[in-house]
Amino acid sequence: MTTVTCICGKTSLKFAAEPGVVAECGCCDCRQKVRWAAAQAGRDWKPTLLTLNYVVDDVVGVTGAENLRMVQLRNDGAEFITAVCCYSVLAVPAGYYNGQFVAVFAQGCKLECKAPTPTIRYSASDFPGPLPPYEGENIAVALHPSKYRGANPAGTTAEQTGVNAWVKHLRASAVREGHGPGKFGETSRALMTRLHGSSAAKVLGLTPLEPGIE
Ligand SMILES: [Zn+2]
Ligand SMILES: [Zn+2]
């Protein structure tokens, strides 16, 4: 079970599975989401390397459903679910995950789960300032190009190979444990459709965050 609770505590999503894969990401696209959320809520913003917990998209519990919204910061960005009570970033059910899983930023919400050791670090070159040493295991190492915009999550062949490796690893861990999208509950998109009649994101039209910018 993975429980994602917003920072103020009013809104939460429970996913049936534990995270199958954990990645660290320094990319502008991820950072812009948490940065935007902090700005909406007037929270202090200090950029950190984000820890992405990939969880099978199977929501089995919701609180504060009235606060959930699907948002997309840029035309070419990845959509995500925010809780408007405090503008936490709860889950990223990006289209390129093919409805299989969501990414949860440990730094965008309060996260309770048994997270495995990180197996990948992306986009270190996009991150402003020094990064902590990578201490995870390597099943694959992919570095997004510094001009990563989210529309093409794996720009080069090497990156695509890396992405394929962890998707395979994630699916294998989900299957091994008997999980699947919406298997015990509903997918996050089905949830948003049930709540709002559509899972389409509200596109905010922001400009991209440049690499190296906080
Ligand atoms: Zn909240
Ligand atoms: Zn990222």
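Refer to the structure presented above.
Source: prediction; values computed, not measured.

Quick notes on the rules
Residues numbered from 1 in each chain as written. Chains lettered and ligands numbered in written order. Predicted model: local features only at pLDDT ≥ 70, side-chain atom pairs only at ≥ 80, totals over all residues. Helix = DSSP H or I, 4+ residues; strand = E, 2+ residues; numbered from the N terminus. Buried ≥ 20, exposed ≤ 12 C-beta atoms within 10 Å, placed from the backbone. Pairing = 2+ DSSP bridges. Contact = placed C-beta atoms within 7 Å. Axes fitted to C-alpha atoms, helices over the stretch in contact; angles between N-to-C directions. Core = buried A, V, L, I, M, F, W, Y, C linked by C-beta atoms within 7 Å.

Peer 1: Just checking my understanding: could you explain unusual backbone geometry for this structure?
Peer 2: Residues other than glycine predominantly adopt negative phi, and peptide bonds predominantly adopt the trans conformation. In this structure, Tyr 87 takes a positive phi of about 55° despite not being glycine. In this structure, Tyr 87 sits in the loop between strand S7 (80-83) and strand S8 (88-91).

Peer 1: What is the right way to look at the pairing of strand S6 (residues 68-72) in this model?
Peer 2: Remark: a regular strand shows side chains that alternate across the two faces of the sheet. Buried residues dominate S6, accounting for 4 of its 5 residues. Where S6 lies against S7, 4 bridges are found, and the strand directions are antiparallel. From the neighbouring strand, Met 70 faces S7, where its bridge partner is Ile 81. Bridge count for S6 against strand S12 (residues 202-203) is 2 bridges, and the pairing is parallel. If you follow Val 71 over to S12, its bridge partner there is Lys 202.

Peer 1: I keep staring at the sheet that holds S6 and nothing clicks. Help me out?
Peer 2: Hydrogen bonds between backbone groups are what pair the strands of a sheet, and the pairing can be parallel or antiparallel. Sheet architecture is open: 4 strands sit in the order S8-S7-S6-S12, paired in mixed fashion. Across the chains shown, the open sheet's two edge strands, defined by having one partner strand only, are S8 and S12. The strands that helix H1 (residues 28-41) touches are S7 and S8; relative to S8, the one it contacts most, it runs at about 140°.

Peer 1: Would you mind going over the sheet that holds strand S11 (residues 120-122) with me for this structure?
Peer 2: Here we have 4 strands laid out as an open sheet, ordered S9-S4-S3-S11, and mixed in their pairing. Each having just a single partner strand, strand S9 (101-105) and S11 make up the two edges of the open sheet. Averaged over all neighbouring strand pairs, the angle between strand axes comes to 30°, with direction disregarded. Note: strand S3 (residues 21-25) against strand S4 (residues 50-56), 5 bridges, orientation antiparallel. Paired with Ala 23 across the two strands is Leu 52, which belongs to S4. Each of S3, S4 and S9 touches H1; the most contacted strand, S4, lies at about 95° to it.

Peer 1: Sorry, what's going on with the nonpolar core here?
Peer 2: Nonpolar side chains in soluble globular proteins tend to be buried together. Counting 51 residues, the largest nonpolar core has Leu 52, Val 55, Leu 90, Ala 91 and Val 104 as its most contacted members. Sorting elements by how many residues they give to this core places H1 first, with 6 residues. Filtering out sequence-adjacent residues up to four positions away, Leu 52 remains in contact with Val 22, Ala 23, Cys 25, Ala 103 and Phe 105.

Peer 1: What am I meant to see in the pairing of strand S2 (residues 12-15) here?
Peer 2: In this sheet, S2 lies alongside strand S1 (residues 2-5) in antiparallel orientation, the contact comprising 4 bridges. Bridging from a neighbouring strand, Thr 2 pairs with Phe 15 of S2. Following S1, the chain reverses through 6 residues before pairing antiparallel with S2; Gly 9 in that reversal takes a positive phi of roughly 95°. In the sheet, S2 pairs with strand S5 (residues 59-63) via 4 bridges, with the strands oriented antiparallel. Pairing of Leu 13 across the sheet is with Val 62, part of S5.

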